[in-house]
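These are the residues of each chain, in order.
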Amino acid sequence: MQTLQELDVNYMNGADNPWIPFTPLSDQVFLKYWKVDPVRAEIIVSMKFAAGLILPTHYHTGIVVGHTISGAWRYQESNWISRAGDTVYEVAGSSHTPESMEETEVFFFLVGELLFLDQENKILWQENHKTSIERYNSYCAANGIAARDLSSWDA
């Protein structure tokens with residue numbers, strides 16, 4: 001009787017994976033989706049930010065881990081600047097206003113939703129696994145790209 005299951009490595013070629021505008025929030029932020037798990041509400045995504053960009057404040061319903069690949073960015077509420085090679089761990093229930101110091105790329109692992117807020121803390125946009133998959137599929141369809149099943153580890 002076999003008790004261990006062999007798991008395959010899931011390889012994704014970055015060159016085959018498109019950068020997608022983070023609409024409707026910003027046309028200066030681009031997303032590269034790696035995996036989206038609707039069961040665990042997890043999103044694995046790379047983000048590119050234009051220099052000098054300030055996004056609306058957002059609230060995390062779950063944890064977020066961000067690893068800076070290149071550039072420099074910060075949260076306006078914090079006294080640190082994350083540069084290439086730095087990692088930021090954000091606790092659930094935290095709220096921040098992202099700002100890029102220069103053109104930046106960050107690899108994120110997110111759990112739950114990001115709630116983008118206006119100055120009165122009213123929700124402008126809810127970003128979650130559903131909106132991520134819809135954005136990816138719509139972009140691929142509009143640009144003649146064969147969409148992968150982002151929720152499958154077999155893709």
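Note that residues are indexed from 1 along each chain, following the sequence as it is written. In keeping with the model being predicted, local features are shown solely for residues with a pLDDT of at least 70 and side-chain atom pairs are shown and tallied solely at 80 or more, while totals for entire chains, interfaces and linings include all residues. Based on all heavy atoms of the structure, the side-chain values leave hydrogens and waters out of the count.

Visitor: Can you help me understand the environment of Glu 99 in this one?
Guide: Following the sequence through the fold, Glu 99 ends up in strand β10 (residues 98–100). Considered as a pair, Glu 99 and Ala 50 are 49 residues apart in the sequence and their alpha carbons are 9.6 Å apart. The contact definition used throughout considers only heavy atoms, calling two residues in contact when any of these lie within 4.5 Å. Dropping the residues within four chain positions of it, Glu 99 is found in contact with Leu 53, Ile 54, Trp 73, Arg 74 and Gln 76. Polar contacts, as used here, are pairs of N or O atoms within 3.5 Å; protein pairs need one atom able to donate a hydrogen and one able to accept it. Residues neighboring in sequence count only if both atoms are side-chain atoms. Among the polar contacts made by the side chain of Glu 99, one reaches the side chain of Gln 76 at a distance of 3.4 Å. By definition, any uninterrupted DSSP run of H or I lasting at least four residues is a helix, any uninterrupted run of E lasting at least two residues is a strand, and each is numbered from the N terminus.

Visitor: Help me understand the sheet that holds strand β1 (residues 20–22) in this model?
Guide: Consider a sheet: its strands pair through backbone hydrogen bonds, and that pairing is either parallel or antiparallel. Taken together, six strands build an open sheet; the order of strands is β1-β2-β3-β11-β5-β8 and the sheet is antiparallel. Each edge of the sheet is formed by a strand with only one pairing partner; in this case those strands are β1 and β8 (87–90). On average, adjacent strands in this sheet sit at an angle of 30 degrees to one another, irrespective of strand direction. Think of it this way: DSSP has to see at least two bridges between two strands before they count as a pair. Relative to strand β11 (residues 104–111), strand β3 (residues 42–49) is paired through eight bridges, and the arrangement is antiparallel. Opposite Ser 46, over in β11, you have Phe 107 as the bridge partner. All axes here are fitted lines through C-alpha atoms, helices being fitted over the stretch that makes contact, and every angle between N-to-C directions spans 0 to 180 degrees.

Visitor: I'm lost on the UniProt feature "domain: ChrR-like cupin" (unreviewed entry) in the protein in this one. Help?
Guide: The UniProt record marks residues 15–112 with the feature "domain: ChrR-like cupin" (unreviewed entry), using the residue numbering of this structure. As a span, residues 15–112 carries 0% helix and 57% strand, and end to end its C-alpha atoms are 27 Å apart. UniProt positions are given in the numbering used here, feature names are shortened, and annotations may be inferred rather than shown by experiment.

Visitor: Quick question: what am I supposed to make of the sheet that holds strand β7 (residues 82–83) here?
Guide: With antiparallel pairing, the three strands of this open sheet are ordered in space as β7-β6-β10. Each having just a single partner strand, β7 and β10 make up the two edges of the open sheet. Summarising the sheet, strand β6 (residues 72–75) and β7 pair through two bridges and their orientation is antiparallel. The partner of Ala 72 across the bridge, within β7, is Arg 83.

Visitor: Quick question: what am I supposed to make of the pattern of salt bridges here?
Guide: Two side chains carrying opposite charge are able to pair once their charged atoms lie near each other. Throughout this description, the term salt bridge denotes a Lys or Arg side-chain nitrogen within 4 Å of a carboxyl oxygen of Asp or Glu. Under the definition given, this model contains four salt bridges. A salt bridge links Arg 40 to Asp 37; its shortest N-O distance comes to 2.8 Å. Relative accessible area serves as the criterion here: at 47%, Arg 40 is assigned to the partly exposed category. With its nearest N and O atoms 3.3 Å apart, the salt bridge here joins Arg 40 to Glu 42. Burial classification: accessible surface area is computed with a 1.4 Å probe over protein chains only, and a residue below 20% of its type maximum counts as buried, one above 50% as exposed, and the rest as partly exposed.

Visitor: Please clarify how the pairing of β8 should be interpreted in this entry.
Guide: The two faces of a sheet get side chains in turn, since along a regular strand they alternate between them. Along β8, the buried face is formed by Val 88 and Glu 90; none of Thr 87 and Tyr 89, which line the opposite face, is buried. Examined bridge by bridge, strand β5 (residues 64–70) and β8 share four bridges and lie antiparallel to one another. Looking across to β8, one finds that Val 64 is bridged to Glu 90.

Visitor: Sorry, what's going on with helix α1 (residues 129–142) here?
Guide: Two residues of an α-helix separated by three or four positions point the same way, owing to the 3.6 residues in each turn. A helix is expected to span 1.5 Å for every residue after the first. When the terminal C-alpha atoms of α1 are compared, their 20 Å separation across 14 residues agrees well with the 20 Å that a helix rising 1.5 Å per residue should span. Three or more residues of α1 are buried, namely Thr 131, Ser 132, Arg 135, Tyr 136 and Cys 140. On an axial view of α1, the arc spanned by its buried residues comes to 160 degrees, and they lie on one face. In α1, the exposed positions angled more than 90 degrees off the buried face are occupied by Lys 130, Ala 141 and Ala 142. Each element contacted by the buried residues of α1 is listed here: β1, β2 (26–37), β3 and β13 (123–127). One side-chain oxygen at the N-terminal end of α1 lies 3.0 Å from the backbone nitrogen of Lys 130; it belongs to Asn 128. Within two residues after α1, Gly 144 carries a phi angle of roughly 65 degrees, on the positive side. Arc definition: it is the arc formed by the directions from the helix axis to the C-beta atoms.

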